[in-house]
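Next come the chains, spelled out residue by residue.
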Amino acid sequence: MQFFAASANPGSPDVAAFYEEVTGSWQYVVSDPKTKAAAIIDPVLDFDAAAGATWTASADEILAYVKEQGLNVVWVLDTHPHADHFSSAPYLAKKLNAPQAIGRKVLDVQNIWADLYADDSLKNRDDYWDRLFEPGEIFGIGSLTAKVILSTGHTLASISYVIGDAVFAHDTFMVPDSGSSRADFPGGSSEELWNSLQEILAMPGDTRVFVGHDYRKGGREEACMATVAEHKAANIHVKDGISKEEFIAARDARDATLPLPKQMLYALQINIRGGRLPEPDDKGRAVLRIPFNRFEPKH
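Fair warning: this is a prediction, and the values are worked out from it, not measured in the lab. (Residues numbered from 1 in each chain as written. Predicted model: local features only at pLDDT ≥ 70, side-chain atom pairs only at ≥ 80, totals over all residues. Heavy atoms only, no water.)

Engineer: Explanation requested: unusual backbone geometry in the structure shown.
Structural biologist: Glycine aside, the phi torsion of most residues is negative, and most peptide linkages are trans. The phi dihedral of asparagine 124 is positive, around 55°, even though this residue is not glycine. Its location among the elements puts asparagine 124 in the loop between α3 (106–116) and β10 (131–133). Although it is not a glycine, histidine 170 adopts a positive phi angle of roughly 45°. In this structure, histidine 170 sits in strand β14 (residues 166–170). (Helix = DSSP H or I, 4+ residues; strand = E, 2+ residues; numbered from the N terminus.)

And the structure:
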């Protein structure tokens with residue numbers, strides 16, 4: 001664990017944050033201090049692309065924390081089908097006997113990537129999750145109330161979880177010195193991302209915004225949280241005074257320079273399966289597909 005934020009008031013969660021260094025990803029254990037009920041958000045399955053190997057060190061660190069703290073995990077959640085790392089949600093859900101969930105629009109992402117992978121068996125597969133959330137849906141974590149909001153732009157399936165004074169905003173915001181997340185993946189939109197960011201910025205100033213990634217800008221230590229007030233004052237992409245048009249122009253220009261994430265073509269076919277690896281054949285062989293010449297190289 002790299003960061004812990006205790007509940008600041010009734011109805012708000014304790015938050016433990018775990019940093020996965022290879023992909024710069026933040027993983028969260030969100031718990032109710034009253035009941036010890038908890039949810040895990042955006043957990044990572046470790047992957048070595050050169051070796052084609054997966055392992056569970058990051059997920060096992062979370063399991064050890066849950067056991068040490070005596071938490072009862074009642075949800076394993078993803079915010080969207082990630083492009084830069086594999087989800088370990090099914091591994092944790094099985095270990096903890098907890099339901100696995102994501103937003104319903106993941107089915108739209110499945111349809112896009114089923115075409116890219118030339119594999120129609122990936123379409124409309126809601127059976128990979130126990131629950132597909134609708135925007136505005138409410139669910140419980142012990143005595144805490146969690147609300148699902150649609151936060152598209154980075155992907156068309158992205159959702160955020162609002163739990164008390166905390167919002168788990170995944171790949172929308174970065175921390176203030178890094179601005180926002182890219183919006184150029186298939187189904188992404190910088191305009192929709194702006195709208196999603198503004199919905200979060202309309203929340204009370206002391207709302208804690210927990211992000212999906214940090215890349216240690218300028219060599220500083222990794223960071224995972226800033227308040228709405230801090231984003232309004234200092235976020236380099238959306239602070240007060242920056243217009244929608246300025247944001248879109250800057251975001252699109254920046255995205256045009258970015259290479260695809262190193263794990264993207266591997267990760268999406270795992271994550272639109274809810275984090276499940278391809279089924280092996282009768283000889284125990286499991287393989288991934290790589291689409292050729294569907295994306296422009298960035299030199």
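Let's pick the thread back up.
Engineer: Would you mind showing me how to read the sheet that holds strand β16 (residues 225–227) here?
Structural biologist: Within the open sheet, the 6 strands sit side by side as β11-β12-β13-β14-β15-β16. Their pairing is mixed. Each edge of the open sheet is held by one strand with a lone partner, namely β11 (138–141) and β16. In this sheet, neighbouring strand axes are inclined to one another by 25° on average, regardless of whether the strands run parallel or antiparallel. Where strand β12 (residues 144–150) meets strand β13 (residues 159–163), 5 bridges bridge the pair, whose relative direction is antiparallel. (Pairing = 2+ DSSP bridges. Axes fitted to C-alpha atoms, helices over the stretch in contact; angles between N-to-C directions.)

Engineer: Can you help me understand the packing of helix α1 (residues 57–69) against helix α2 (residues 89–96) in this one?
Structural biologist: Helices that pack against each other are described as a pair by the angle of their axes relative to one another and the distance between those axes. Where α1 contacts α2, the two axes come as close as 10 Å, and the packing angle between them is 30°. Regarding the angle of α1 to α2, the classification is roughly parallel. Our pair here, α1 against α2, has a crossing hand that is right-handed. Only Tyr91, Leu92, Lys95 and Leu96 of α2 make contact with α1, whose side of the interface consists of Ala59, Asp60, Leu63 and Val66. When its residues are assigned to classes, the contact of α1 with α2 shows 6 nonpolar, no polar and 2 charged. (Parallel < 35°, antiparallel > 145°, perpendicular 65-115°, else oblique. Left-handed = near helix turned anticlockwise from the far one by under 90°. Contact = heavy atoms within 4.5 Å. Nonpolar A, V, L, I, M, F, W, Y, C, P; charged D, E, K, R; others polar.)

Engineer: Explain the packing of aromatic side chains here, please?
Structural biologist: In this description, a pair of aromatic rings is defined by centroid distance and the angle of the planes. One pass over the structure, following the stated rule, counts 16 aromatic pairs. Geometrically, the ring pair formed by phenylalanine 18 and tyrosine 65 is edge-to-face, given 5.5 Å between the ring centres and 75° between the ring planes. Taken together, the residues phenylalanine 18 in strand β2 (residues 14–20) and tyrosine 65 in helix α1 connect sequence positions 47 residues apart. With 5.6 Å between their ring centres and 55° between their planes, tryptophan 75 and phenylalanine 133 make a pair best called tilted. With tryptophan 75 in strand β7 (residues 72–77) and phenylalanine 133 in strand β10, this residue pair connects regions lying 58 residues apart in the sequence. For tryptophan 75, a relative accessible area of 10% translates into the label buried. Three or more aromatic residues joined by ring pairs make a cluster, and in this case those are Trp75, Phe133, Phe139 and Tyr161. (Phe/Tyr/Trp six-rings, centres within 6.5 Å; stacked < 30°, edge-to-face > 60°. Buried < 20%, exposed > 50% of the residue type's maximum accessible area, 1.4 Å probe, protein only.)

Engineer: Is there a simple way to explain helix α7 (residues 264–271) in this structure?
Structural biologist: Given 3.6 residues per helical turn, the α-helix brings residues three or four places apart onto the same face. Burial analysis of α7 places 7 of its 8 residues in the buried class, the great majority of the element. If you check which residues of α7 are buried, you get Met264, Leu265, Ala267, Leu268, Gln269, Ile270 and Asn271. Along its buried surface, α7 packs onto β8 (86–87) and α3.

Engineer: Could you clarify how one ought to interpret the pattern of salt bridges in this entry?
Structural biologist: Enumeration over the complete set of coordinates arrives at 15 salt bridges. Between arginine 125 and aspartate 127 there is a salt bridge whose closest N-O contact spans 2.8 Å. Close ionic contact of aspartate 281 with arginine 285 constitutes a salt bridge, the shortest N to O distance being 2.9 Å. Looking at aspartate 281, the relative accessible area reads 31%, which means it is partly exposed. A network of salt bridges, in which partner residues are shared, links Glu21, Arg216 and Glu222. (Salt bridge = Lys/Arg side-chain N within 4 Å of Asp/Glu carboxyl O.)

Engineer: Could you clarify how one ought to interpret empty space enclosed by the protein in this entry?
Structural biologist: A probe as big as a water molecule, rolled over the atoms, marks out the empty space that is left. In total, this model carries 2 cavities of 30 Å³ or more according to the counting rule given. Roughly 60 Å³ of internal volume is contained in the largest cavity. Surrounding the largest cavity, Pro81, Ala83, Val109, Trp113, Thr155, Phe185, Pro186, Met264 and Leu268 form its lining. Contributions of two or more residues to the lining of the largest cavity are made by α3 and α7. The residue inventory of the lining of the largest cavity, partitioned by class, reads 8 nonpolar, 1 polar and no charged. Volume-wise, the second largest cavity comes out at about 30 Å³. Class assignment for the residues of the lining of the second largest cavity results in 4 nonpolar, 1 polar and 3 charged. (1 Å grid on protein atoms, 1.4 Å probe; cavity = no way out; pocket = protein on both sides within 12 Å on 5 of 7 lines; lining within 4 Å. Points joined across faces, edges and corners; volume = space filled by probe spheres on them.)

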